[in-house]
Amino acid sequence: HKDCHELDVSLTISPIKGQGGNVIGTSTIARDIGARMRAEHALRQSEESYRQLFERHPGPMWLWDPDSLRFLAVNEAAIQSYGYSRDEFLAMTIADIRPLEDVQALTKSIGHGLSGTEQWRHRKKDGTLIYVEVHANDFVFDGKDVRLVLVHDVTDKKRAQEALRKTEDQLRHSQKMDAIG
């Protein structure tokens, strides 16, 4: 630039030919592409930031395709929590982590999308059955409708609630027996 700062430019250089077909000069067009390069850099940084947020989130997360049910991406927390490798996850569908008896309910819910938080059962690689709360959002990713899922294991909470219910039932039964006796 005339004030001595550098510019990012795209050059188009074309030969200028004389009557005999010999090159007698060149025509040069310079386009300032600095704004485009800054925008591309900002986009790459933004994409990297969101990828890191996804990958480093402490809770299991994944993207899946509602048409094929295939996992499209999983974060490290999902790998650690469920015991599958990333490659194993990406070769599976979400039906593969559900108990067989829950798959029909899953397929019925797909067309309706998820609203808010839903509770499901998932099966880990070692066969352990867990209760989870699933938070999901539909959006477009790489031109395709996908679902982003965040999973929270509520197995301990569910078991504690069941134990409390049993204790309350036993207490009511005991009180009835005392009243009868």
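Every residue gets a number counted from 1 within its own chain, in the order that chain's sequence is written. Given that this is a predicted model, residues contribute local features only at a pLDDT of at least 70 and side-chain atom pairs are listed and counted only at 80 or more, while totals for whole chains, interfaces and linings are drawn from all residues. With hydrogens and water set aside, each side-chain value is computed from the structure's full complement of heavy atoms.

> Would you explain the overall build of the chain in this entry?
Assigned secondary structure in the chain consists of 5 helices and 7 strands. When the elements of the chain are put in sequence order from the N terminus, they spell out β-β-α-β-β-α-α-α-β-β-β-α. We compute the radius of gyration from the C-alpha atoms alone; for a globule the expected value is 2.2 Å times N to the 0.38, where N is the number of residues. Over its C-alpha trace the chain gives a radius of gyration of 30 Å, far above what one expects of a compact globule, namely 16 Å for 181 residues. In terms of overall dimensions, the chain has a C-alpha envelope of 120 × 35 × 30 Å along the principal axes. Partly exposed describes any residue whose relative accessible area lies between the buried limit of under 20% and the exposed limit of over 50%, with all areas from a 1.4 Å probe on protein chains only and scaled to the type maximum. Looking at the chain as a whole, 27% of its 181 residues qualify as buried. The contacts in the chain between residues at least 6 apart in sequence include a share of 33% that link residues at least 24 apart. Total accessible area computed for the chain in this model is approximately 12700 Å², and 53% of it derives from carbon and sulfur atoms. Taken as two groups, the 25 positive and 28 negative side-chain charges of the chain have centres that lie 2 Å from each other. Elements are defined by DSSP. Helices are runs of H or I of four residues or more, strands are runs of E of two residues or more, and each kind is numbered from the N terminus. Contact criterion: two residues are considered in contact whenever any of their non-hydrogen atoms come within 4.5 Å of each other. Areas reported as accessible are Shrake-Rupley estimates using a 1.4 Å probe. Residue values count occlusion only from the protein chains shown. Here the positive residues are Lys and Arg and the negative ones are Asp and Glu; neither His nor the chain ends is included. Think of each charge as sitting on NZ of Lys, CZ of Arg, CG of Asp or CD of Glu.

> Just checking my understanding: could you explain the environment of Leu129 for this structure?
Secondary-structure assignment places Leu129 in strand S6 (residues 129–141). By relative accessible area, which is 23% here, Leu129 ends up partly exposed. Sequence-wise, Leu129 and Thr155 are 26 residues apart; in three dimensions their C-alpha atoms are separated by 8.7 Å. Here Leu129 is in contact with Pro99, Arg121, His122, Arg123 and Arg159, once residues within four sequence places are set aside.

> How should the layout of surface pockets be read in this particular structure?
Sizing a probe to match a water molecule and rolling it over the atoms shows the empty space that remains. The way it works is a 1 Å grid over only the protein atoms, where trapped points that fit a 1.4 Å probe form a cavity and open points with protein on both sides within 12 Å along at least five of seven lines form a pocket, and then any residue with an atom within 4 Å of a point lines it. Grid points are joined across faces, edges and corners, and a volume is the space filled by probe spheres set on the points. Approximately 510 Å³ is the volume found for the largest pocket. As for the largest pocket, its lining consists of 19 residues, and the residues nearest its centre are Tyr50, Arg51, Phe54, Leu63 and Phe141. At the level of elements, helix H1 (34–56), strand S3 (61–64), strand S4 (71–74) and S6 are the ones that each hand at least two residues to the lining of the largest pocket. For the lining of the largest pocket, the element with the most residues is H1, which contributes 8 residues. Here the lining of the largest pocket is composed, by residue class, of 12 nonpolar, 2 polar and 5 charged. Lys, Arg, Asp and Glu make up the charged group, whereas Ala, Val, Leu, Ile, Met, Phe, Trp, Tyr, Cys and Pro make up the nonpolar group; the residues left over, Gly among them, are polar.

> For this particular structure, what's the right way to read the pairing of strand S2 (residues 23–32)?
Along S2, only 0 of the 10 residues are buried, which leaves the element largely exposed. The loop that links strand S1 (residues 9–17) with its antiparallel partner S2 comprises 5 residues; one of these, Gly21, has a positive phi angle of about 90°. We call two strands paired when DSSP finds no fewer than two bridges between them.

> Before we go on, may I ask you to explain the environment of Asp67 in this structure?
With respect to the helices and strands, Asp67 occurs in the loop between S3 and S4. Considered as a pair, Asp67 and Lys144 are 77 residues apart in the sequence and their alpha carbons are 10.0 Å apart. In protein, a polar contact requires one atom able to donate a hydrogen and another able to accept it; more generally it is a pair of N or O atoms within 3.5 Å, and residues adjacent in sequence count only if both atoms are side-chain atoms. A polar contact is formed between the side chain of Asp67 and the side chain of Lys144, at a distance of 3.1 Å.

> Whenever I open this one, unusual backbone geometry confuses me. Can you help?
With the exception of glycine, the majority of residues adopt a negative phi angle, and the majority of peptide bonds are in the trans configuration. Backbone geometry at Cys4 places phi at a positive 80°, although glycine is not the residue there. Relative to the helices and strands, Cys4 resides in the segment before S1. On the basis of relative accessible area, Cys4 is assigned to the exposed category, the value being 74%. Of note in this structure, Asp142 is not a glycine but carries a positive phi near 55°. For Asp142, the location among the structural elements is in the loop between S6 and strand S7 (144–153).

> Even after reading the chapter, I still don't get a nonpolar patch on the surface, so can you show me in this structure?
On the surface, a nonpolar cluster with roughly 360 Å² of combined accessible area is contributed by Leu7, Val9, Leu11 and Ile13. On the secondary structure map, Leu7 appears in the segment before S1. Classification of Leu7 as partly exposed rests on a relative accessible area of 39%. The patch calculation keeps residues exceeding 30% relative accessible area without a salt bridge and links them within 9 Å when they carry like charges or within 5 Å when they are nonpolar (Val, Leu, Ile, Met, Phe, Trp, Tyr). A carboxyl oxygen of Asp or Glu within 4 Å of a side-chain nitrogen of Lys or Arg is what we treat as a salt bridge.

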